[in-house]
Amino acid sequence: VVEAAGTYTVTVVADNGLASTFDIVYGEPASEVDGPEYGAANVTMFIGSTGYVVDGAGANVDVAPFIEDGRTFVPVRFIAEALGAEADWEPKDAAVEVVTLVRPDKTITIKIGEYALEVEEDEEVATVTMDTVAMIKDGRTFLPFRYIAEAFGADVEYGPEDGPVEWVSFTQ
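Residues numbered from 1 in each chain as written. Predicted model: local features only at pLDDT ≥ 70, side-chain atom pairs only at ≥ 80, totals over all residues. Heavy atoms only, no water.

### Here we look at the overall build of the chain
Right, on to step 1. If you tally the helices and strands in the chain, you get 2 helices and 16 strands.
Right, on to step 2. Taken against the 2.2 N^0.38 rule, which gives 16 Å for 172 residues, the C-alpha radius of gyration of the chain at 17 Å falls within 12% of a compact globule.
Right, on to step 3. Here the C-alpha coordinates of the chain stretch approximately 45 × 45 × 30 Å along the principal axes.
Right, on to step 4. Burial status across the chain gives 35% buried among its 172 residues.
Right, on to step 5. Considering only intrachain contacts with a sequence separation of at least 6, the fraction spanning at least 24 residues in the chain is 38%.
Right, on to step 6. For the chain, the accessible area works out to roughly 10000 Å², and carbon and sulfur atoms hold 47% of it.
Right, on to step 7. The averaged location of the 33 negative side-chain charges in the chain is 6 Å from the averaged location of its 9 positive side-chain charges. (Helix = DSSP H or I, 4+ residues; strand = E, 2+ residues; numbered from the N terminus. Rg over C-alpha atoms; globule rule 2.2 N^0.38 Å. Buried < 20%, exposed > 50% of the residue type's maximum accessible area, 1.4 Å probe, protein only. Contact = heavy atoms within 4.5 Å. Areas by Shrake-Rupley, 256 points an atom, 1.4 Å probe, with all protein chains shown as cover. Lys, Arg positive; Asp, Glu negative; His and termini not counted. Charge placed at Lys NZ, Arg CZ, Asp CG, Glu CD.)

Shown next, in the form of C-alpha cells:
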C-alpha cells in the first residue's frame, strides 16, 4: 500500500528466478474536478502479470496483457472499463466477430482479424487503420492497447525506454 506520493522502486521476481526492477511514480491523488470525465485517470499494466495499478491503487485482472509481434494486447473488458466504456460483442452465441466499446462521448467498433477500427463521435465516423488486429486467444478477446486507448483520447506510454517493454500505461 502506497502511503504518499513519490517514486517507488519495485522488483518483480518470477517463479523461475528472473527479476526485473523498475520505478513507479505516484502523484498526488486527483480530485474529481481534475480527473477525466470517464474512467480512470491513469492505468499501468505489467506485461505477463495480472497485477496493475489504477489511479495509484493496486488491483488484479483475470488475464495478463501480452506482447505479440511487437504489439501489446489487453483483455477487452479490462480496457473498456478502465477507459469508462461498456463492452459488447456480436454474436452473443458464437465466436466473437465484432467488439463495440460504448462511452457517452464515443463509440469504438473493432472487428476481430481486421486492420481497422471505427470511432464514432458527434455523429461522425472515422476509420483508423491499425498495423495489427484484435484477436481471440484461449477463448478470450484481446484488443491492441495503443489503438484503443488513443481512440478514446488517452496518452499512452511504454517502459522501460532502454529495454524490452515490461509495462504499458495510459493517462487521460
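### Overview of the sheet that holds strand β9 (residues 98–103)
Right, on to step 1. One open sheet accounts for 5 strands, arranged β8-β9-β10-β11-β12; its pairing is antiparallel. Strand pairing shows two members of the sheet lacking a second neighbour, β8 (86–90) and β12 (124–129), which therefore form its edges. On average, adjacent strands in this sheet sit at an angle of 20° to one another, irrespective of strand direction.
Right, on to step 2. Strand direction decides the pairing type here: strand β10 (residues 106–111) and strand β11 (residues 116–121), joined by 4 bridges, are antiparallel. (Pairing = 2+ DSSP bridges. Axes fitted to C-alpha atoms, helices over the stretch in contact; angles between N-to-C directions.)

### Section: the pattern of salt bridges
Right, on to step 1. Going through the model one piece at a time under the given rule, you end up with 7 salt bridges.
Right, on to step 2. We note a salt bridge from Asp62 to Arg140, for which the minimum N-O separation is 3.0 Å. Remark: Arg140 occurs in strand β14 (residues 140–144) and Asp62 occurs in the loop between β5 (57–60) and β6 (66–68); sequence separation between them is 78 residues.
Right, on to step 3. We note a salt bridge from Arg71 to Asp131, for which the minimum N-O separation is 2.5 Å. (Salt bridge = Lys/Arg side-chain N within 4 Å of Asp/Glu carboxyl O.)

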